[in-house]
Amino acid sequence: MNAMMRRAVIATAAVSMALSMAACGKAGGDKKDSAASGDNKSIGLLLPENASSTRYESFDRPFIEAKVKALCADCKVLYNNAEGSAAKQKQQFDTLIAQGVKVIVLDAFDATSTQGWVKEAAAKGVKVVAYDRLATGPVAAYVSFDNEKVGELQGQALVDALGDKAADANIVMINGDDADPNAGQFKAGAHKVLDGKVKKVVYEQSGEWKPTVAGQKIGAAITQFGKDGFQAVYSANDGMAGAIITQLQGAGIKVPVGGQDAGLDAVQRIVNGDQAYTIYKAYKPLADNAAELAVDLLQGKDVKSVATASIDSATDKGIPAKLLDPKIVTKANITDTVIADGLYKAADICTADYAAACASAGLK
């Protein structure tokens, strides 16, 4: 082969290799672009924990998944639970973005820590629906209950449970986690009612949404004030209320205790006379609205058809919001609230251990 022919062969090989590399590069680029843009059929769902409340696995998750499927038959929900860890939830959030998800429904375990996450997500075109807790950062929409109203109802239910003894009553308050903005709103709403209607809040601590911590805190209150030093206990949720009631019973103390979330065990305690009230926040409308907001965002629709209000967070103003109304549940209205809404059947509540109490309360 002469020199001219060798040069021609080398040149042809070089062109062929260049074209092959370009084609590979283009194919790789298309794949990368596809992953970055997502398939517009997946919605991320991140819930905070499953220890202090059974609601997330029993109600929120299945209701959201069902509503998404009803609105978008070929959509899928990619679900994770943080199991009480902000660091774990951050990893789950980052994984969803890496998978190309374009909408994430986020119930933040620590709402104060999410500003950077949400901001980075927004820069990549990922929209976040803050669910139940108002996450910091530029969230696209928020759905929850009027949390200060929840606190007001808790305070009023406690006053009602005390009746004519309220004005002379000393109160113990076991609040939620200070890192949760909802906890601050519950606390503010409760104080709005309790302050001036009871004698004094003599002891107030955070139970951190942890039953074990709440049990320890009420134990400290009993040690400090004795069996007769307080006449009622405000608990920010039912999980903590259960632990508080156990400690009170062990000390031979019987005072009104209330919570929120309308967990089945809490409703059974109410029937049995161990817990005075809970606050029922209807999970299905909450979940349905979250699913609708997520699907609308996925499909490029205006969320304000659902999120008819607006709210400010610690970092952002004018966030489109859907705020729902909570209800007090006592022994007198179980049938008209959680049973009427289909949350529970009487048979769910009235197991063998509670059959006599249910009969006395007229539940069948």
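Note that the structure is a prediction, hence the values are computed from the model and not measured. (Residues numbered from 1 in each chain as written. Predicted model: local features only at pLDDT ≥ 70, side-chain atom pairs only at ≥ 80, totals over all residues. Heavy atoms only, no water.)

Asks: Before we move on, can you summarise the pairing of strand β12 (residues 319-324) with the specific residues and values?
Replies: Looking along a regular strand, one sees the side chains alternate between the two faces of the sheet. In terms of strand pairing, strand β5 (residues 141-145) meets β12 through four bridges, oriented parallel. Within β12, the residue paired with Phe-145 across the bridge is Leu-324. Of the strand pairs in this sheet, strand β11 (residues 309-311) and β12 are connected by three bridges, and their pairing is antiparallel. By the bridge assignment, Ile-311 is partnered in β12 with Ile-319. (Pairing = 2+ DSSP bridges. Helix = DSSP H or I, 4+ residues; strand = E, 2+ residues; numbered from the N terminus.)

Asks: I'd love a proper account of the side chain of Asp-288, names of residues and values included.
Replies: Mapped onto the elements of the fold, Asp-288 is located in helix α10 (residues 283-298). Exposure remark for Asp-288: the relative accessible area of 15% places this residue in the buried category. Not counting residues within four places of it along the chain, the set of residues in contact with Asp-288 comprises Phe-63 and Lys-67. (Buried < 20%, exposed > 50% of the residue type's maximum accessible area, 1.4 Å probe, protein only. Contact = heavy atoms within 4.5 Å.)

Asks: Describe in detail the packing of aromatic side chains, supporting the description with residues and values.
Replies: The tally for this structure, following the rule as stated, stands at six aromatic pairs. Arranged with centres 6.3 Å apart and planes meeting at 75°, the rings of Phe-186 and Trp-209 form a pair that is edge-to-face. With a gap of 23 residues between them, Phe-186 in helix α6 (residues 181-194) and Trp-209 in the loop between β7 (200-206) and α7 (211-225) connect regions that are remote in the sequence. Judged by relative accessible area, Phe-186 falls into the buried class, the value being 3%. The exposure class assigned to Trp-209 is buried, which follows from its relative accessible area of 12%. Here a set of aromatic residues connected by ring pairs shows up, and it is made of Phe-59, Phe-63, Tyr-283 and Tyr-344. (Phe/Tyr/Trp six-rings, centres within 6.5 Å; stacked < 30°, edge-to-face > 60°.)

Asks: Describe the state of the cysteines, listing the residues and the values that go with them.
Replies: By definition, a disulfide is the covalent link that joins the sulfur atoms of two cysteine residues. Scanning the entire structure with this criterion turns up two disulfides. Here Cys-72 engages in a disulfide with Cys-75; their sulfurs sit 2.0 Å apart. Taking the sign of the torsion about the S-S bond as the criterion, the disulfide between Cys-72 and Cys-75, at about 65°, is right-handed. A residue is classified by how much of its surface remains accessible, and Cys-75, at 3% relative accessible area, is buried. The partner cysteine of Cys-350 in its disulfide is Cys-358, sulfur to sulfur 2.1 Å. (Disulfide = S-S within 2.5 Å.)

Asks: Just give me the short version of the environment of Ala-214, but keep the residues and values in it.
Replies: When you line up the elements, Ala-214 lands in helix α7. Since its relative accessible area comes to 0%, Ala-214 is described here as buried. Through-space distance from the C-alpha of Ala-214 to that of Gly-176 is 9.3 Å; in sequence the pair is 38 residues apart. Excluding residues within four positions of it along the chain, Ala-214 makes contact with Ile-174, Gly-207, Met-240 and Ile-244.

Asks: Please give an account of the environment of Thr-54 that cites residues and values.
Replies: If you trace the backbone, Thr-54 turns up in the loop between β1 (42-47) and α2 (55-71). Classification of Thr-54 by relative accessible area gives exposed; the value is 52%. Taking C-alpha positions, Thr-54 is 9.6 Å from Asp-265, a pair spaced 211 residues apart along the chain.

Asks: Tell me about the packing of α2 against α10, and please be specific about residues and values.
Replies: Interaxial distance between α2 and α10 falls to 8 Å at its minimum, and their mutual angle equals 45°. When the axes of α2 and α10 are compared, the pair comes out oblique. Taken as a pair, α2 and α10 cross one another with a handedness that is right-handed. Along the contact surface, α2 presents Arg-55, Phe-59, Asp-60, Phe-63, Ile-64, Lys-67, Val-68 and Leu-71, while α10 presents Tyr-283, Lys-284, Leu-286, Ala-287, Asp-288, Ala-291, Glu-292 and Val-295. Looking at side-chain class alone, the contact of α2 with α10 contains ten nonpolar, no polar and six charged residues. (Axes fitted to C-alpha atoms, helices over the stretch in contact; angles between N-to-C directions. Parallel < 35°, antiparallel > 145°, perpendicular 65-115°, else oblique. Left-handed = near helix turned anticlockwise from the far one by under 90°. Nonpolar A, V, L, I, M, F, W, Y, C, P; charged D, E, K, R; others polar.)

Asks: Which residues make up the nonpolar core, and what values go with them?
Replies: Counting 70 residues, the largest nonpolar core has Tyr-131, Phe-230, Val-233 and Leu-248 as the members making the most contacts within it. Here the element with the most residues in this core is α10; it accounts for nine residues. What Tyr-131 contacts, discounting residues up to four positions off in sequence, is Leu-47, Arg-55, Asp-60, Ile-64, Val-105, Leu-106, Asp-107, Val-143, Tyr-283, Leu-286, Ala-287 and Ala-290. Core analysis: the second largest hydrophobic core is formed by 22 residues, Leu-46, Ala-108, Val-128 and Ala-130 among them. (Core = buried A, V, L, I, M, F, W, Y, C linked by side-chain atoms within 4.5 Å.)

Asks: Residues and numbers for the sheet that holds strand β6 (residues 170-175), please.
Replies: Pairing between sheet strands relies on hydrogen bonds along the backbone, with the strands arranged either parallel or antiparallel. Strand order across the open sheet formed by four strands is β7-β6-β8-β9, with parallel pairing between neighbours. Of all strands in the sheet, those with a lone pairing partner are β7 and β9 (257-258), marking the two edges. In this fold helix α5 (residues 147-162) packs onto β6 and β8 (232-235), with an angle of close to 160° to the strand it touches most, β8.

Asks: I'd like a description of the pattern of salt bridges, backed by residues and values.
Replies: Going through the model one piece at a time under the given rule, you end up with 16 salt bridges. With a closest N to O distance of 3.8 Å, Glu-208 and Lys-210 form a salt bridge. Judged by its relative accessible area of 40%, Lys-210 is partly exposed. Among the ionic contacts, a cluster of salt bridges with common partners joins Arg-55, Asp-60, Asp-132 and Asp-261. (Salt bridge = Lys/Arg side-chain N within 4 Å of Asp/Glu carboxyl O.)

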